[in-house]
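Single-letter residue listing:
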Amino acid sequence: MTRGFAVLAIPSTAHKDRLERGVERALSLGLTPCVVADRLVVLTSGDIKVNALGATGGALIGDAFRRLTPIQTCDGHPCASEEAACILGEGRASMDMWGDYVAIYFGGDGDLRFLHSPCGSLNLYYMPWDECLLMASDAALLLGISGSQRRLNWDMVAHAILWDDVSCGQTCIDGIGEIRSGECGRWRRGAVSVEAIWDPWRFTEAEVSIWESREAIELVRWEIHRCVAARKTPGTHHAIDLSGGLDSSIVAAACAAAGIKATGINLFDSGTEGDERHFARGVADHLKLALREGMPKAGDIDLDRCARGHLPRPYARAFVQALDHSAFEIASELGATTFLNGGGGDSVFCHLQSSAPVVDALRSRGHAPGAARMAFEVARSAQCNVWDVMMKSGKKLWRGSPADRMTANREFVSEALEVKQGAPPLPPPRLRPLPGKVEQMQGIYRSLSSINGFARSDHMKGIFPLLSQPLVEACLRIPSWLWLGEGRNRLIARLAMEGELPPMAIWRISKGGLGQLQRDIMCKKRNQIRAKLLDGQLARQGFIDPDLIGRELENDGSYRIESLYRLMRLHDIETWCSA
């Protein structure tokens, strides 16, 4: 049984029989009741924390922290649940609380609210059923409790093909909706409406921006340590995914400073780009952190198995199976029940692969250094030609940033599908944001979606501290040009943690990757991938171009390296559809 939760709610006590029937089905699935109220029951499996919310008849699921202090909102104090209920009832959750939590409670008008914390890693899906409302952390629980069959929503499958890693509130299974990070659902008279309770764009506006590097460095250092230290659980052994890159090294350093009992896990492959043991060992030695190493293999991957098929969208990547398998094995041997991962660090720390900082500097009304200097900084950090940077900056300034309009991935997609689908909705800004902030925001939202790809999360608690709400908000306040300097990206984060990590980690330029592992998979299983895509459901639905894919994968020398990731991703979606 995976870690998860389910919630059953009824409109009035007159529907008590439906509630009891749903609870019986939930018990048969291995769930255990945690909160039982007149109109609502919360059940869980695994080690998910649940606190009753007193008079509201609701519950707070997961970890919630007070905004100004690194302590739990519901920490066992007699008044804690009443305080949390008051914060939620007054609509102050996004301002006074943060963490990985889901809150479900009845408002003063009697309507049910179900809220997903900003930047939270818990999932919240919902499904109306027989005058009741079911909510759960995955689709398998919703379908199991309701007794419904899994029916694919092909329009949303098409959306997933074009707009990978971007949710629009609907899922790829008919009848199941999603409450995304920073949203709140309201159930009234059998209908669900959804509204945003968190506006991240307000942290990108000029009046709250931080224009001085010194202030930015101090704030980022403070928030990194606060957000990691808050996750310390006495008596728990933590595993840290320590690649040796900047982001994972920052997480490891903050864990060491907080006294979190942990072991680093470094996974490497045979390719030079994927072997970062030298960096991971240097960080571990500096922090006096125990380190374990593992080598994922292409043979560990079963392309016919969907790692997280119980979720209502194709999140998981096939090649990640090998990493998850190796990391989970090592963590289990260590007795670790929680893993920390530096996911999202590139986006939060504004690592942009574009000329946007130059345009931001031109539009900053005197707050930034000259555009020519910024063009040189972009070129130096990206190791590209400064004239190309200036030319692209000019086009972006004149025509508008293409980042304002997310671009669909049309590679290997049929023409009919291109016409059919539009751009996915993102929270609209109140004012026109700078291009760099748009790109940073899009990266953060994609990162929040991609953390669902870890199968370990079904058995271990996963923490992604660099995607914590206070740190995200702080980094959004820092202009894009301040993140560049000395030939480096993510400069503010580097300077913030400079005194706690060795120079080889702080000033590292290279980035690792698992391209060799993906190439090994393609070499060994190309025929299997080709056959499944050409004869699969995506081809039958007319979503992909089988002729183009067939030619691309005709032999070992025909496919392009730059297309490898896309082809494997389409295969992942095909596998999920068949799960």
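What counts and what doesn't
- Residues numbered from 1 in each chain as written.
- Predicted model: local features only at pLDDT ≥ 70, side-chain atom pairs only at ≥ 80, totals over all residues.
- Heavy atoms only, no water.
- Helix = DSSP H or I, 4+ residues; strand = E, 2+ residues; numbered from the N terminus.
- Buried < 20%, exposed > 50% of the residue type's maximum accessible area, 1.4 Å probe, protein only.
- Contact = heavy atoms within 4.5 Å.
- Areas by Shrake-Rupley, 256 points an atom, 1.4 Å probe, with all protein chains shown as cover.
- Lys, Arg positive; Asp, Glu negative; His and termini not counted.
- Charge placed at Lys NZ, Arg CZ, Asp CG, Glu CD.
- Axes fitted to C-alpha atoms, helices over the stretch in contact; angles between N-to-C directions.
- Parallel < 35°, antiparallel > 145°, perpendicular 65-115°, else oblique.
- Left-handed = near helix turned anticlockwise from the far one by under 90°.
- Nonpolar A, V, L, I, M, F, W, Y, C, P; charged D, E, K, R; others polar.
- Core = buried A, V, L, I, M, F, W, Y, C linked by side-chain atoms within 4.5 Å.
- Salt bridge = Lys/Arg side-chain N within 4 Å of Asp/Glu carboxyl O.
- Pairing = 2+ DSSP bridges.
- Polar contact = N/O pair within 3.5 Å; in protein donor to acceptor, adjacent residues only side chain to side chain.
- Phe/Tyr/Trp six-rings, centres within 6.5 Å; stacked < 30°, edge-to-face > 60°.
- Lys NZ or Arg CZ within 6 Å of the ring centre and 35° of its normal.

Caption draft 1: Focus on the overall build of the protein chain. When you go through the protein chain residue by residue, the secondary structure sums to 22 helices and 17 strands. With the principal axes as the frame, the protein chain shows a C-alpha extent of 70 × 55 × 50 Å. Counting every position in the protein chain, which comprises 579 residues, the buried fraction comes to 60%. Excluding contacts between residues fewer than 6 apart, the proportion of contacts in the protein chain whose partners are at least 24 apart in sequence is 72%. If you sum the accessible surface of the protein chain, you get close to 23400 Å²; carbon and sulfur atoms cover 51% of it. For the protein chain, the centre of its 67 positive side-chain charges and the centre of its 69 negative side-chain charges are spaced 2 Å apart.

Caption draft 2: Looking closely at the environment of serine 450. Mapped onto the secondary structure, serine 450 falls in helix 15 (residues 435-450). On the basis of relative accessibility, which here comes to 32%, the residue serine 450 falls in the partly exposed class.

Caption draft 3: Seen up close, the packing of helix 6 (residues 213-229) against helix 16 (residues 469-476). Interhelical geometry of helix 6 versus helix 16 gives an angle of 165° and a closest axis separation of 9 Å. On the basis of the axis angle, helix 6 is roughly antiparallel to helix 16. Two packed elements cross with a definite hand, and for helix 6 against helix 16 that hand is left-handed. Within the contact between the two elements, helix 6 uses Leu219, Val220, Glu223, Ile224, Arg226 and Cys227 and helix 16 uses Pro470, Leu471, Ala474 and Cys475. Here the contact of helix 6 with helix 16 is built from residues that sort into eight nonpolar, no polar and two charged.

Caption draft 4: Up close: the nonpolar core. Core analysis: the biggest nonpolar cluster contains 154 residues, and Val220, Ile250, Phe349, Leu471 and Trp483 have the highest contact counts within it. Beyond its immediate stretch of four places on either side in the chain, phenylalanine 349 contacts Val220, Ile224, Asp247, Ile250, Leu466, Leu471, Cys475, Trp483, Arg490 and Ala493. Core analysis: the second largest hydrophobic core is formed by 22 residues, Val42, Ala59, Val102 and Leu124 among them.

Caption draft 5: Structural detail: the pattern of salt bridges. Considering all chains together, one arrives at 40 salt bridges under this definition. For aspartate 164, the salt bridge identified is with arginine 317, shortest N-O distance 2.9 Å. With aspartate 164 in the loop between helix 5 (154-162) and strand 10 (177-178) and arginine 317 in the loop between strand 15 (290-294) and helix 9 (320-334), this residue pair connects regions lying 153 residues apart in the sequence. Arginine 430 is the salt-bridge partner of aspartate 199, the closest N and O atoms lying 3.9 Å from each other. Here aspartate 199 is found in the loop between strand 12 (191-196) and helix 6, whereas its partner arginine 430 is found in the loop between helix 14 (415-420) and helix 15, with 231 residues between them in sequence. Ionic contacts of the salt-bridge type, sharing partners, join the residues Asp17, Arg18, Arg21, Asp130 and Glu131 into one network.

Caption draft 6: Just the sheet that holds strand 8 (residues 125-129), in detail. In space, the six strands of this open sheet follow the order 2-3-1-9-8-10, with antiparallel pairing throughout. Single-partner strands in this sheet number two, and they are strand 2 (32-36) and strand 10. Contacting strand 1 (4-9), strand 2, strand 3 (40-45), strand 8 and strand 9 (132-136), helix 1 (residues 16-28) crosses the sheet at an angle of about 0° to strand 3. Packed on one face of the sheet, helix 4 (residues 139-146) meets strand 1, strand 8 and strand 9 and runs near 15° to strand 8.

Caption draft 7: Local environment of the packing of helix 15 against helix 16. Interaxial distance between helix 15 and helix 16 falls to 11 Å at its minimum, and their mutual angle equals 165°. One way to sum up the angle between helix 15 and helix 16 is to call them roughly antiparallel. The way helix 15 lies across helix 16 gives a crossing that is right-handed. On helix 16, the residues that touch Lys437, Gln440, Met441 and Ile444 of helix 15 are Val472, Cys475 and Leu476. Each residue belonging to the contact of helix 15 with helix 16 can be placed in one class, and the counts come to five nonpolar, one polar and one charged.

Caption draft 8: Molecular detail of the side chain of glutamate 223. On the secondary structure map, glutamate 223 appears in helix 6. Here arginine 226 takes part through its side chain, which lies 2.8 Å from a polar atom of the side chain of glutamate 223. Ignoring any residue separated from it by four or fewer positions in sequence, one finds glutamate 223 in contact with Pro470, Leu471 and Ala474.

Caption draft 9: Molecular detail of the environment of serine 326. The topology assignment puts serine 326 in helix 9. Classification of serine 326 as buried rests on a relative accessible area of 8%. Sequence-wise, serine 326 and methionine 295 are 31 residues apart; in three dimensions their C-alpha atoms are separated by 7.3 Å.

Caption draft 10: Here's a closer look at the pairing of strand 14 (residues 262-267). In terms of burial, strand 14 is a largely internal element, six of the six residues being buried. Taking every second residue as pointing to the same face, both faces of strand 14 are buried, with Ala262, Gly264 and Asn266 on one and Thr263, Ile265 and Leu267 on the other. Pairing geometry for strand 13 (residues 238-241) and strand 14, over four bridges, is parallel. Bridged to alanine 239 within strand 14 is threonine 263. Here strand 14 pairs with strand 15 via five bridges, running parallel. In the sheet register, asparagine 266 faces strand 15, and the bridge partner there is glutamate 293.

Caption draft 11: Molecular detail of the side chain of glutamate 377. As for its placement among the helices and strands, glutamate 377 is situated in helix 12 (residues 371-382). For glutamate 377, which is buried and forms no salt bridge, the nearest opposite charge comes from arginine 373, at a distance of 4.5 Å.

Caption draft 12: Local environment of the sheet that holds strand 7 (residues 112-116). Ordered by their spatial adjacency, six strands build an open sheet running 4-5-6-7-11-12, and the pairing between neighbours is antiparallel. Taken across any chain shown, the strands that pair with only one partner, and hence form the sheet edges, are strand 4 (50-52) and strand 12. Adjacent strand axes in the sheet meet at a mean angle of 35°, parallel and antiparallel pairs treated alike. Here helix 2 (residues 80-89) sits on the sheet in contact with strand 4, strand 5 (59-66), strand 6 (97-106) and strand 7, set at roughly 80° to strand 6.

Caption draft 13: Molecular detail of the packing of aromatic side chains. Per the stated rule, a full pass over the model turns up eight aromatic pairs. Residues phenylalanine 339 and phenylalanine 464 carry aromatic rings whose centres are separated by 6.0 Å and whose planes lie at 90° to one another, so their mutual orientation is edge-to-face. Linking phenylalanine 339 in strand 16 (residues 338-340) with phenylalanine 464 in the loop between strand 17 (461-463) and helix 16, this pair joins segments that are 125 residues apart in sequence. There is no split in this pair, since phenylalanine 339 and phenylalanine 464 are both buried. Counting every residue linked through ring pairs, the aromatic cluster contains Phe339, Phe454 and Phe464. Over the ring of tryptophan 576 we find arginine 150, and its NZ or CZ is 4.4 Å from the ring centre. Lying over the aromatic face of phenylalanine 268, arginine 277 brings its terminal NZ or CZ to 3.8 Å of the ring centre.

Caption draft 14: Main features of the pairing of strand 2. Summarising the sheet, strand 2 and strand 3 pair through four bridges and their orientation is antiparallel. Its bridge partner lying in strand 3, valine 35 is registered against valine 42. Counted between consecutive antiparallel strands, the loop separating strand 2 from strand 3 contains three residues.

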